[in-house]
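Residues per chain, in single letters:
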Amino acid sequence: MRIGVPKETADGEHRVALVPEVVAKLKAKGIDVLVEAGAGAGALISDDAFREAGAEIADEAAVWSADVVVTIAPPDERHIALLGKGSILIGFLAPLSSGATTRALAAAGATAFAMEAVPRISRAQSMDALSSQSNVAGYRSVLLAAEEMGRFFPMLMTAAGTIPPAKVLVLGVGVAGLQALATAKRLGARTTGYDVRPEVAEQVESLGAQWLDLGLEASGEGGYARELTEEERARQQQALTDATKGFDVVITTALVPGRPAPRLVTAEAVEGMKPGSVIIDLAGETGGNCELTEPGQTVVRHGVKIVSPLNLPAAMPEHASQLFARNVQALLELFIGEDGNLNLDFDDEIVSGSCVVRDGEIVNPGAKAASEK
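Described in the following lines is the structure provided in the data block.

Rules behind the numbers
- Residues numbered from 1 in each chain as written.
- Predicted model: local features only at pLDDT ≥ 70, side-chain atom pairs only at ≥ 80, totals over all residues.
- Heavy atoms only, no water.
- Buried < 20%, exposed > 50% of the residue type's maximum accessible area, 1.4 Å probe, protein only.
- Helix = DSSP H or I, 4+ residues; strand = E, 2+ residues; numbered from the N terminus.
- Arc of directions from axis to C-beta.
- Contact = heavy atoms within 4.5 Å.
- Core = buried A, V, L, I, M, F, W, Y, C linked by side-chain atoms within 4.5 Å.
- Axes fitted to C-alpha atoms, helices over the stretch in contact; angles between N-to-C directions.
- Left-handed = near helix turned anticlockwise from the far one by under 90°.
- Nonpolar A, V, L, I, M, F, W, Y, C, P; charged D, E, K, R; others polar.
- Pairing = 2+ DSSP bridges.
- Phe/Tyr/Trp six-rings, centres within 6.5 Å; stacked < 30°, edge-to-face > 60°.
- Lys NZ or Arg CZ within 6 Å of the ring centre and 35° of its normal.
- Lys, Arg positive; Asp, Glu negative; His and termini not counted.
- Salt bridge = Lys/Arg side-chain N within 4 Å of Asp/Glu carboxyl O.
- Polar contact = N/O pair within 3.5 Å; in protein donor to acceptor, adjacent residues only side chain to side chain.

Before going further, it helps to examine helix H1 (residues 20-28). An α-helix turns once per 3.6 residues; consequently, residues spaced three or four apart project the same way. For H1, the complete set of buried residues consists of Pro20, Val22, Val23 and Leu26. Buried positions in H1, seen along its axis, are confined to an arc of 155 degrees and lie on one side of it. Check the buried side of H1 and you find it contacts strand E1 (2-5), strand E2 (32-36), helix H2 (47-52) and helix H11 (317-335). Just beyond H1, the residue with positive phi is Gly30, at close to 85 degrees.

Shown next, in the form of structure tokens:
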């Protein structure tokens, strides 16, 4: 069996889907790995490093014609057309928002597995690429906030007087939010977390952060929050607006799968924040959690800097690639039998749950609905 690793072509994407460490482990199982020339350059991994791990450096056509192709960003239609009929694609495929990608994969007769569709169950934790990349984003968001704020994070006691610690609020306490809280705490900030799922309060407090209790809960399926009703949203918005005004840094991470990001930070809240404060909006790719966010841009409104980075894990490509590659390795080990050949068991909830297209047929309900729009 051959696994192909193409060079990522999406704007700003510097990661690579497999790294030499994982290539060597796959080679030990008798699997050939083809890596497109220069695929690892953005992550500071040379072609020679891949060769030393046992990979073959190949051209684009050869990589895309492999039995299994592993990517990070959703491929465009030109690359999908290079897939062989019956081949397998693994990667982030945006099944709930990119109907064109799903339709193209079906037309190519491929079988496609979306890393973001891997079920969030205990047995699949090692395959959870959403969580691994969210960890990177949460960490990086705090460094970005510290750089943009222009004030100290920790309390400083000096001969010239004492500087109080920065007050950091994290909205949305999933993997990215928890990592942001932990990182801000390590930098010496006074941290507070908020989520509509009250069961995560204990996790917030375990990191030494305070819990912002607004008296509202909206726990959903799969570890995500459910969408709020109009009345709940109005109550949450006003309570959050009042609370947000007292923080130096606000980091937002709230997402609802397949829907626009919920608006948590209003223009009124921004106007009430101290000039020089910073908002880092990690939900920019789905519209943003802040009313004044401009996705992919840094803007200043009412003296507050609003930063909305897109694809933040790609800003730390070396370690982000390592984590993603290990997630893919764990998934491949589920797919591959003892003889080194593919053995896809669609009775397994991980295999069936992560499959978006099977032999040219769209099998994921959410992806099917998105592809029909």
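Once that is clear, we can look at the nonpolar core. One finds Leu18, Ile90 and Phe324 to be the most contacted residues of the largest nonpolar core, which totals 42 residues. Those elements that place two or more of their residues in this core are E1, H1, E2, strand E4 (68-70), strand E5 (88-91), H11 and helix H12 (349-354). If one sorts the elements of this core by residue count, H11 sits on top with seven residues. In this view, Ile90 contacts Val68, Val69, Val70, Thr71, Phe113, Met115, Leu331, Leu332 and Phe335; residues no more than four positions away in its chain are not counted. With 27 residues, the next largest nonpolar core counts Ala184, Ala189, Val278 and Leu312 among its residues.

The interhelical angle for the contact between helix H6 (residues 129-149) and helix H7 (residues 175-186), taken along N-to-C directions, is 35 degrees, at an axis separation of 7 Å. Here the hand of the crossing between H6 and H7 comes out right-handed. Seen from H6, the contacting residues are Ser131, Ser134, Asn135, Gly138, Tyr139, Ser141 and Val142; seen from H7, they are Val175, Ala176, Gln179, Ala180, Thr183, Ala184 and Arg186. Counted by class, the contact of H6 with H7 contains six nonpolar, seven polar and one charged residues.

Further remarks concern the sheet that holds strand E15 (residues 304-307). Judged by pairing direction, the sheet is mixed, and its seven strands sit side by side in the order E11-E10-E9-E12-E13-E15-E14 without closing on themselves. Both outer strands of the open sheet, strand E11 (210-211) and strand E14 (298-301), are each paired with one neighbouring strand and no more. Seen against the sheet, H6 touches strand E12 (249-252), strand E13 (278-281) and E15 and runs at an angle of roughly 150 degrees to E13.

Once that is clear, we can look at the packing of aromatic side chains. One pass over the structure, following the stated rule, counts four aromatic pairs. For the pair Phe113 and Phe335, a centre-to-centre distance of 4.6 Å together with 45 degrees between the ring planes defines the contact as tilted. With Phe113 in strand E6 (residues 111-114) and Phe335 in helix H11, this pair connects stretches of sequence that are 222 residues apart. The same class applies to Phe113 as to Phe335, namely buried. Aromatic side chains Phe113 and Phe346 sit 6.3 Å apart centroid to centroid with 20 degrees between the ring planes, which places their arrangement in the stacked category. Of this pair, Phe113 sits in strand E6 while Phe346 sits in the loop between H11 and H12; the two residues are 233 residues apart in sequence, bridging distant segments of the chain. By way of ring pairs, the aromatic residues Phe113, Phe335 and Phe346 are connected into one cluster. The ring of Phe346 carries the charged tip of Arg358 above its face, separated from the ring centre by 3.7 Å.

Structurally, Glu8 is set in the loop between E1 and H1. One buried charged residue, Glu8, remains without a salt bridge, the closest side chain of opposite sign being Arg15 at 7.2 Å. At 2.7 Å, the side chain of Glu8 forms a polar contact with the backbone nitrogen of Ile72. Side-chain polar atoms of Glu8 contact the backbone nitrogen of Ala73, separated by 3.1 Å. With residues up to four places along the chain from it excluded, the contact list for Glu8 reads Glu13, Arg15, Thr71, Ile72 and Ala73.

Unusually for a residue other than glycine, Ala94 sits at a positive phi of about 45 degrees. Topologically, Ala94 is positioned in the loop between E5 and helix H5 (99-107). Taking the relative accessible area as the measure of exposure, Ala94 reaches 21% and is therefore partly exposed. Phi angles above zero are rare outside glycine, and Asn311 is one such case at about 55 degrees. Counting through the fold element by element, Asn311 comes out in the loop between E15 and H11.

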